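Take a look at the letters that make up each chain.
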Amino acid sequence: MTKSYEKPKLMSEDGKRHDGRLPEDLRPIKMEVGILKNASGSALVEYGGTKVIAAVYGPREAQPKHISIPTRAIIRCRYHMAPFSTHERKSPAPSRREIELSKVIREALEPAIISELYPKASIDVFIEVLNADGGTRTAGVTAAALALADAGIPMRDLVAGIAVGKVEGVLVLDLDELEDMYGEADMPIAAMPGKGVITLLQLNGVLTPEEFEEALQLAWKGLKKIYELQKEALKKRYTELSIES
Amino acid sequence: MSEEEVKYKIYVNSRDLVTPGDILAEGNVEALNYPYVIKEGNYVVSTVVGLVDIQNNNKVGVIPLEGFYYPKEGDMVIGIVEEIGVTHWEVNIRAPYKGVLTASDFLGRPFNPAQEDLSKYLNVGDVIIAKIESFDRTRDPLLTVKGKDLGKVTEGTIIEVDPSRVPRIIGKKKSMLNVLTSETGCNVVVAQNGRVLIKCPSEELEAILILAIKKIEREAHTSGLTERIREFILEQKILRGVIKSDKVL
Amino acid sequence: MSVTPQAELIPKLKADAILRLLERKERIDKRGLEDFRPIEIITNYIKNAEGSAYVKLGTTQVVVGVKLEVGSPYPDTPNEGVLIVNAEFVPLASPSFEPGPPDENAIELARVIDRSLREYRAVDMKKLVLIPGKKVWLVWLDIYVLDHGGNLIDASSIAAMAALLVTKIPKAEVNKDTGEVTIDKTQYVAELPIRGSVVTVTIGKIGNYLIIDPTYEEEQIIDTKVTIAVSSDGKIVGIQKSGMGDLTLNDVKKAVNIALAKAPQILQQIENTVGRLKTTEN
């Protein structure tokens, strides 16, 4: 029996996506901070079926000493997918994609962290994708920012991430895996929404210049929502306890 | 009010809960406690999760609710010896940097490594109470044990708390610390790096004290905590039969 | 794991000079902010490769070699050829390159160029099938950096496109019964089927200035770069922000506009060298 590689229908006539969402809808999002006891800071983030955990260790002494920088802390970032996180088992060895994304995510977080405060130290960020359903790097950046705040590391702003895409000609927000695979464009983006600056931007696919501008606007709307959810998640622990007698 | 005086606006109130990136004030306002607040252009912005602290109506800061210990000269710290060097020990002080204690400081006299072995005096795992003598961005913090109540710790229990909670555990004018010591009869030393040394007359009282400290950690951001802790300790003492209930009041 | 790189030492005097010139909208090599350095392209540079190109961009030198092999298709695209892009930052190219497997920068460069070609379908993979579902042409595109003078991505992208445009497919005899394919590299039957051309344009941000095609020294003081892949029909077919800084929305829009304006002249130069430049067929 051969597998069918026919493209599934991703947009219906009434403008709904294959999972019933409208183009501007985010998937159900869950964020929880401080879930790991050992890490200095940690967070669990879910964008629909995508589930990622981020943990931060540090600031701590950089080892080996020769990788440290005398005027600031170094950031070490690892994006990794668990072997069971994808449809086909993924080998635990770092793939070229994971190596690229580790760099891209580190560079998305660097402008937010006030690293000059901790010369010669190392701030380690570990992101593990437990279940992949599209948007893993953007959920990863979002979780990493929460973990950094949970660790008490001073940041200029939180970093929020979301992916915009084009599916059957329509620009959509928060692509899931099916839309990413069969769509015409996938644009992950992360930003410090309070400061109004972009720290991660990639495009995989084809967009006209007009579509690109529209996609940026759509992304910005989504990022602001993610940002608000991050703030809520960070405050949640304290607002609940205030009611305790 | 003249135009010059109204050249700023504060958008928050004292004790508001804020997160990194939140804009606290705009204009001619001072950032109270860098790096927990920073001045970005015309704005004062929070960099951490914490409670707003407004002083003098024109200085805005944030008291962090999460955090790790960052060494400061003059701080009292409780450290654990991690490594023995030739003329010094490396001490874990729960900070991004290891503390350094020289043999000459500990012994109060010059030290000859050819003739003596440092492990005789302090070994890996030993606990010391020390002060941070000096710390700048180019070297690891230098510790000293010269001073009253500083030196090797020979008895007691060490517990670790979130360093950002230390001010709350001590309290304004030591109010909270006094409640803890007077209500339990324990000896309590709270170090700036989030380690607490306790010596209690009984195991029960030690258990109650630890529970009380953990409660302060959890509820550090609430008000009326000092009284609640006093009541809590009393309740626990009754519950565990340390005192009879008719003795209350 | 990705680690904050050690900063390369650039004398403060040099950094200050670069910034001062920028305020006057000039650069140390007298270029305008939106000018590329001189580009030299030599195709069929490597005789043993099925296609190749040497590119000199300012002082940056890159060679791309394309080799064709017969192999199995990917399981989810059984009726398409396979494109594999790899980049080597060989130690002779720069004091900062260490021997060893490709590091994160080489991997990022290869993947950015790969995506710009793949998503736009610059090479018509459907025409590279020998036995459907079983045997297809594998297109190995290897980027070899010879001299790092800055802006390796654009130099590599120009070389990659030029090399693909001159790549010839060897004669292949397919035995349908045994499923075997014999290749005769002394005879070439066709050019690689190209549907359209792509080139990347990289813009760096220094302070509030956007500069195109940064030199190695400019790269040391830039903290953010954005690479935009543009197709011969004016579409955006790839974007990659790199570096530890950030960009405003305006920066991004402006960079995209610069790239869209500059790409056609680069593509024209490739066409002039290669003698052909396909635009998208449908």
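Values in this document were obtained by computation on a predicted structure and should not be read as measured data. (Residues numbered from 1 in each chain as written. Chains lettered and ligands numbered in written order. Predicted model: local features only at pLDDT ≥ 70, side-chain atom pairs only at ≥ 80, totals over all residues. Heavy atoms only, no water.)

Our next topic: the interface of chain A and chain B. If you look at the interface, chain A gives 33 residues, while chain B gives 34 residues. Both faces considered, chain A and chain B share a buried interface measuring about 2,700 Å² in area, 56% of it formed by carbon and sulfur atoms. Inspection of the region where chain A meets chain B yields 4 salt bridges. With a closest N to O distance of 3.3 Å, Glu61 of chain A and Lys98 of chain B form a salt bridge. Applying the counting criterion to the chain A and chain B interface returns 13 residue pairs in polar contact (both at pLDDT 80 or more). Within the residue set of the side of chain A that touches chain B, elements represented by two or more residues are β3 (50-61), α2 (136-150) and α4 (209-242) of chain A. In terms of residue class, the side of chain A that touches chain B is made up of 16 nonpolar, 5 polar and 12 charged. (Contact = heavy atoms within 4.5 Å. Buried area = accessible area lost by both parts, 1.4 Å probe. Salt bridge = Lys/Arg side-chain N within 4 Å of Asp/Glu carboxyl O. Polar contact = N/O pair within 3.5 Å; in protein donor to acceptor, adjacent residues only side chain to side chain. Helix = DSSP H or I, 4+ residues; strand = E, 2+ residues; numbered from the N terminus. Nonpolar A, V, L, I, M, F, W, Y, C, P; charged D, E, K, R; others polar.)

It is worth spelling out the environment of Ala54 of chain A at this point. All names here are of chain A. By secondary structure assignment, the location of Ala54 is in strand β3. When the C-alpha positions of Ala54 and Arg97 are compared, they lie 18 Å apart, and in sequence the two are 43 residues distant. The residues touching Ala54, leaving out its near neighbours within four places in the chain, are Gly41, Ser42, Ala43, Phe126, Ile127, Ala143, Ala144 and Ala147.

Below, the discussion takes up the side chain of Asp176 of chain A. Residue and element names in this part refer to chain A. Note that Asp176 resides in the loop between β7 (170-173) and α3 (177-182). Within polar-contact distance, the side chain of Asp176 engages the side chain of His18 at 2.8 Å. Discounting chain neighbours no more than four positions away, the residues touching Asp176 are His18, Asp19, Arg21, Arg27, Asp133 and Gly134.

With 40 residues of chain C in contact, the opposing surface of chain A contributes 42 residues. Across the chain C to chain A interface the summed buried area is about 3,800 Å²; carbon plus sulfur atoms make up 59%. The interface formed by chain C and chain A contains 4 salt bridges. When the shortest N-O distance is used, the salt bridge between Arg115 of chain C and Glu100 of chain A registers 2.8 Å. Our enumeration of links across chain C and chain A arrives at 23 residue pairs in polar contact (both at pLDDT 80 or more). Of all the secondary-structure elements, those providing two or more residues to the side of chain C that touches chain A are β1 (2-3), β5 (82-89), α2 (104-120), β13 (236-242), β14 (247-248) and α5 (249-274) of chain C. In terms of residues, the side of chain C that touches chain A owes the most to one element, α2 of chain C, which gives 9 residues. Of the residues in the side of chain C that touches chain A, the class split is 18 nonpolar, 12 polar and 10 charged. Bridging between strand β9 (residues 197-207) of chain A and β14 of chain C involves 2 bridges; their strand directions are antiparallel. If you follow Val197 of chain A over to β14 of chain C, its bridge partner there is Thr248 of chain C. (Pairing = 2+ DSSP bridges.)

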